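Architecture at a glance
Chain residues, written in single-letter form:
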There are 12 protein chains.
Amino acid sequence: MASVARITTISSRSDVSFEDAVKQGIARASETLRGVEGAWVKDHVVNIRDGAITSWQVTLEVTFVLDDSGHPVDASAD
Amino acid sequence: MASVARITTISSRSDVSFEDAVKQGIARASETLRGVEGAWVKDHVVNIRDGAITSWQVTLEVTFVLDDSGHPVDASAD
Amino acid sequence: MASVARITTISSRSDVSFEDAVKQGIARASETLRGVEGAWVKDHVVNIRDGAITSWQVTLEVTFVLDDSGHPVDASAD
Amino acid sequence: MASVARITTISSRSDVSFEDAVKQGIARASETLRGVEGAWVKDHVVNIRDGAITSWQVTLEVTFVLDDSGHPVDASAD
Amino acid sequence: MASVARITTISSRSDVSFEDAVKQGIARASETLRGVEGAWVKDHVVNIRDGAITSWQVTLEVTFVLDDSGHPVDASAD
Amino acid sequence: MASVARITTISSRSDVSFEDAVKQGIARASETLRGVEGAWVKDHVVNIRDGAITSWQVTLEVTFVLDDSGHPVDASAD
Amino acid sequence: MASVARITTISSRSDVSFEDAVKQGIARASETLRGVEGAWVKDHVVNIRDGAITSWQVTLEVTFVLDDSGHPVDASAD
Amino acid sequence: MASVARITTISSRSDVSFEDAVKQGIARASETLRGVEGAWVKDHVVNIRDGAITSWQVTLEVTFVLDDSGHPVDASAD
Amino acid sequence: MASVARITTISSRSDVSFEDAVKQGIARASETLRGVEGAWVKDHVVNIRDGAITSWQVTLEVTFVLDDSGHPVDASAD
Amino acid sequence: MASVARITTISSRSDVSFEDAVKQGIARASETLRGVEGAWVKDHVVNIRDGAITSWQVTLEVTFVLDDSGHPVDASAD
Amino acid sequence: MASVARITTISSRSDVSFEDAVKQGIARASETLRGVEGAWVKDHVVNIRDGAITSWQVTLEVTFVLDDSGHPVDASAD
Amino acid sequence: MASVARITTISSRSDVSFEDAVKQGIARASETLRGVEGAWVKDHVVNIRDGAITSWQVTLEVTFVLDDSGHPVDASAD
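Residue positions within a chain follow its written sequence, with the count starting from 1. Labels follow written order: the first chain is A, the first ligand is 1, and so on. Thresholds applied to this predicted model are a pLDDT of at least 70 for local features of residues and 80 or more for the giving and counting of side-chain atom pairs; totals over whole chains, interfaces and linings are not thresholded and use all residues. Here the side-chain values reflect all heavy atoms present in the structure, with hydrogen atoms and water set aside.

**Re the pattern of salt bridges**
All names here are of chain C. Any carboxyl oxygen of Asp or Glu within 4 Å of a side-chain nitrogen of Lys or Arg constitutes a salt bridge here. The final tally for this structure, using the stated rule, is twelve salt bridges over all chains. With a closest N to O distance of 3.3 Å, lysine 42 and glutamate 61 form a salt bridge. Taken together, the residues span a long stretch of sequence, with lysine 42 in strand β2 (residues 36–49) and glutamate 61 in strand β3 (residues 52–65) at a distance of 19 residues. Secondary structure follows DSSP: runs of H or I at least 4 residues long count as helices, runs of E at least 2 residues long count as strands, and numbering of each begins at the N terminus.

**Observations regarding the relation of the copies chain E and chain A**
C-alpha atoms of residues with pLDDT of at least 70 in both copies form the basis for the least-squares superposition of the copies. Least-squares fitting of chain E to chain A yields an RMSD of 0.0 Å, with the transformation described by 0.0 Å of translation along the axis and a rotation of 120°. In short, the pair behaves as if placed about a three-fold rotation axis. Counting the interface residues of chain E, we find that no more than 17% of their copies in chain A are interface residues as well, pointing to two distinct contact surfaces. Residue contacts are defined here by distance: any two heavy atoms, one from each residue, within 4.5 Å place the two residues in contact.

**Quick look at helix α1 (residues 18–32) of chain B**
The span expected for a helix works out to 1.5 Å for each residue beyond the first. An ideal rise of 1.5 Å per residue puts 21 Å on 15 residues; α1 of chain B measures up with 22 Å between its terminal C-alpha atoms. Here's how the labels work: a residue is buried when its accessible area is under 20% of the maximum for its type, exposed when over 50%, partly exposed in between, all with a 1.4 Å probe on protein chains only. Residues Phe18, Glu19, Asp20, Ala21, Val22, Gly25, Ile26, Arg28, Ala29 and Thr32 of chain B constitute the buried set of α1 of chain B.

**With respect to the interface of chain E and chain A**
Across the boundary between the two partners, chain E contributes twelve residues, which contact twelve residues of chain A. As used here, buried area is the combined drop in accessible area, with a 1.4 Å probe, of two parts when they are placed together. Between chain E and chain A, roughly 1000 Å² of surface is buried when both sides are summed, and carbon and sulfur atoms account for 63% of that area. Among the residues of chain E in contact with chain A, His44, Ile48 and Trp56 of chain E are the three that bury the most area, contributing 45% of the side total. A 3.5 Å cut-off defines polar contacts: any pair of N or O atoms within that distance qualifies, except that in protein one atom must be a possible hydrogen donor and the other a possible acceptor, and neighbouring residues in sequence count only when both atoms are side-chain atoms. Linking chain E with chain A are five residue pairs in polar contact (both at pLDDT 80 or more), by the criterion used here. Only α1 (18–32), β2 (36–49) and β3 (52–65) of chain E provide two or more residues apiece to the side of chain E that touches chain A. Polar here means any residue outside two lists: the nonpolar Ala, Val, Leu, Ile, Met, Phe, Trp, Tyr, Cys and Pro, and the charged Asp, Glu, Lys and Arg; Gly therefore counts as polar. Here the side of chain E that touches chain A is built from residues that sort into six nonpolar, four polar and two charged. Whether two strands pair depends on DSSP finding at least two bridges between them. Where strand β2 (residues 36–49) of chain A and β2 of chain E come together, three bridges link them in antiparallel fashion. Of the residues in β2 of chain E, the one forming a bridge with alanine 39 of chain A is valine 46 of chain E.

**Some points on the pairing of strand β1 (residues 3–14) of chain F**
Successive residues of a regular strand alternate their side chains across the two faces of the sheet. Where burial is concerned, most of β1 of chain F is hidden: ten out of the twelve residues are buried. Strand direction decides the pairing type here: β1 of chain F and strand β1 (residues 3–14) of chain I, joined by five bridges, are antiparallel. The partner of alanine 5 of chain F across the bridge, within β1 of chain I, is serine 11 of chain I.

**Focus on the side chain of asparagine 47 of chain J**
As for its placement among the helices and strands, asparagine 47 of chain J is situated in strand β2 (residues 36–49). Taking the relative accessible area as the measure of exposure, asparagine 47 of chain J reaches 19% and is therefore buried. Polar side-chain contacts of asparagine 47 of chain J include one of 2.9 Å to the side chain of glutamine 57 of chain J. Leave out the neighbours within four places in its chain, and asparagine 47 of chain J touches Arg13, Ala52, Ile53, Thr54, Ser55 and Gln57 of chain J together with Glu37 and Gly38 of chain K.

**Some remarks on the confidence of the model for chain A**
Parts of the model with low pLDDT should not have their predicted coordinates read in detail. Every residue carries a pLDDT, the predictor's confidence in it, which falls somewhere between 0 and 100. With 82% of its residues at a pLDDT of 70 or more, chain A has an overall mean of 88. Taken together, the stretch residues 72–78 of chain A has pLDDT below 50 and engages in 35 contacts with residues farther than four places along the chain or on a different chain.

**Describing the pairing of strand β1 (residues 3–14) of chain K**
Relative to strand β3 (residues 52–65) of chain K, β1 of chain K is paired through ten bridges, and the arrangement is antiparallel. Opposite serine 12 of chain K, over in β3 of chain K, you have valine 58 of chain K as the bridge partner.

So this is what it looks like as structure tokens:
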């Protein structure tokens with residue numbers, strides 16, 4: 001039996017920390033996608049103004065399995 | 001005249017072989033997408049339990065052309 | 001406050017130049033997506049027949065922010 | 001609760017096919033290691049003599065979990 | 001005078017944070033190895049179920065010096 | 001109108017956490033440079049003695065815009 | 001005594017399988033070159049039409065030793 | 001039916017632009033090779049003297065199919 | 001006789017084209033540095049607003065030789 | 001007949017030269033391992049104090065074949 | 001307590017050997033910078049005329065700690 | 001005026017040292033090619049038997065300019 005998943009790339013930004021950015025990105029992806037299984041943190045970046053870090057940003061490669069109908073719940077977040 | 005294609009990443013897993021995983025992944029992608037033209041096999045992985053290979057898994061970067069309306073047939077597999 | 005964007009990969013081809021291919025790719029992506037913010041030109045390729053360049057082709061990683069509803073305008077180009 | 005695994009690199013060679021080389025490598029690793037979970041096929045190489053392929057060779061990054069005692073069964077294959 | 005060290009790869013997973021996963025991995029490696037000097041965090045991954053992060057996982061390349069006898073304390077974690 | 005920025009690489013080390021190392025590195029860079037806009041965290045490393053993590057170290061690629069005179073404030077941190 | 005080899009890149013395509021593509025590529029290279037010793041499979045790609053795989057394609061980096069005269073047998077395949 | 005192509009690397013330099021360098025390189029390759037199908041622009045470099053750009057240089061990986069006899073037209077450009 | 005050069009990274013942005021961005025970046029670097037010899041275009045990016053490209057941006061690794069005194073003319077652009 | 005080798009990573013440091021570091025690393029690995037066949041020099045680093053090079057350091061990926069019993073001679077250097 | 005270092009890239013060329021090029025590069029960097037701690041040899045290149053090697057060239061990523069005042073001794077080599 | 005060069009890959013092996021392998025490879029390439037300008041040392045490998053280094057091997061990417069007729073002197077080394 002074969003099984004197929006998709007991998008999509010998102011960028012998520014938090015004003016708290018990298019780990020908060022990961023959590024926010026996963027939470028946002030899970031609102032519109034079923035079957036999110038994991039994510040690889042591809043990049044860590046900070047944005048800065050006047051010497052202060054204004055946001056912590058991560059790029060995530062998110063994997064989610066396609067359901068039986070072959071459709072993720074909401075294509076808009078696909 | 002310009003022409004535009006999209007590249008999407010899927011992961012496909014077979015209990016037979018890597019080439020079966022490639023075939024299954026392409027078959028699954030072609031159910032919902034028109035204009036699939038090719039795929040690059042980015043990674044080959046095996047999953048193992050009790051010393052036996054339980055699945056052969058590939059990551060594919062699939063290219064498909066956008067049709068005239070600019071819409072793939074089914075956004076859910078997009 | 002967190003903010004989330006998506007990164008999608010397209011391939012665009014022009015018979016004029018690489019920069020025209022970039023423009024065409026961005027124009028096409030912007031027809032169906034709101035919030036396109038930027039693109040990284042990942043690869044430059046030329047296609048050739050009978051010693052002449054028939055098209056200039058670029059691969060673009062396009063970033064677009066998700067709107068408040070968390071939906072891009074048209075999932076088909078997602 | 002934390003969990004720790006190890007990743008070791010082996011090279012395996014078969015005179016039949018790449019997939020046989022993967023199977024042989026996994027079989028050999030599983031003789032001396034408990035808890036082998038998966039392997040990434042990092043490289044595919046063929047060796048050639050007099051125009052004929054004499055062996056199909058793969059490099060594998062093998063992951064195995066450490067057991068409760070923190071010891072793999074046989075350190076020699078570690 | 002020459003000095004020789006070894007580099008081994010481990011994967012460590014915590015249900016708290018990436019930094020806890022690093023700490024747990026180093027603690028586990030130090031139980032069986034003398035002379036651990038440092039580690040490079042090669043990858044950051046999160047595992048997810050039902051929209052929640054179930055574990056924070058890092059891959060570490062751990063460097064440890066070989067002692068005078070040329071033996072790490074416990075080969076099993078080697 | 002053209003605009004030009006510079007990218008410089010620093011390594012920063014904290015005895016608290018990776019994020020503290022990022023903050024310390026940015027703070028240090030901002031003492032001598034005007035116009036720091038962002039930083040990419042290129043590598044994460046831990047230094048270890050007697051089984052304990054003694055410092056958390058990051059390599060940062062810091063981007064800063066050149067001011068009108070084309071001079072960063074203090075070349076020493078350039 | 002020094003020994004020198006050359007490394008040349010070919011792309012080979014089969015309608016059967018990746019391994020058949022490797023065999024065909026090696027057979028073709030060996031028709032015109034003496035001393036072929038091995039090949040690294042750099043990339044695996046499939047070409048697709050109407051949802052079916054039309055060819056399995058590999059890129060090979062082929063190594064061959066130069067003979068005593070320093071000439072491969074047939075420069076045309078060089 | 002198998003089909004085999006070769007990939008050769010050239011560097012081409014123009015005093016006009018990167019795209020002129022690509023055109024010149026392709027024109028030069030096509031003088032001595034039949035069946036040139038495409039090229040990947042691997043690198044873009046500028047050479048500079050006294051603050052002025054003296055040449056625009058590209059590295060190209062050129063693909064050409066081998067003809068029926070298995071010989072490119074002119075081995076010298078091979 | 002040894003000779004030493006330095007390599008510095010800049011990012012340059014034009015509202016006209018990538019090649020204009022390269023020219024602007026080189027012009028800017030040459031105002032403050034003597035002995036600029038060449039530059040590698042490491043990345044090509046476009047910035048976009050409301051579906052239109054607002055700037056063409058390149059990252060350049062610029063090489064310049066150190067003069068006899070070992071000092072570039074103006075350290076601020078160093 | 002299948003054959004399996006292992007690849008282990010060591011770091012070796014000499015106060016003489018890079019090539020001495022390679023020799024020392026291989027000598028050290030060969031004390032405890034049978035069947036060492038080759039090594040790839042992955043990195044070259046120098047350590048410096050007060051403007052003088054204090055050591056020449058290489059990272060080596062060492063390949064050794066497993067003997068019939070499937071055991072390297074001394075697991076401690078494994 | 002945090003500590004910050006900088007990493008700068010130089011290219012050094014000798015007519016003797018790669019190791020002489022490394023030594024010359026480090027000597028030159030140490031004339032103007034305090035606190036040079038190490039260097040990674042990123043690339044090895046030879047330049048050739050009339051079949052003879054005219055120079056051995058290395059690219060070095062040099063790390064140096066910033067002193068208490070946060071200033072390297074001479075910004076010009078920075 | 002455009003100028004075109006070719007880049008070819010060779011592997012050269014010496015029983016003395018890496019630098020001797022570079023010299024031998026360049027000497028061998030220069031026997032059959034005019035216009036060799038430089039080479040990048042892409043990889044350093046040692047071959048080992050019975051604990052002793054039997055050869056020092058380098059992979060070289062050799063650049064040579066094409067002469068006016070567009071023909072290298074001897075295609076066989078091409």
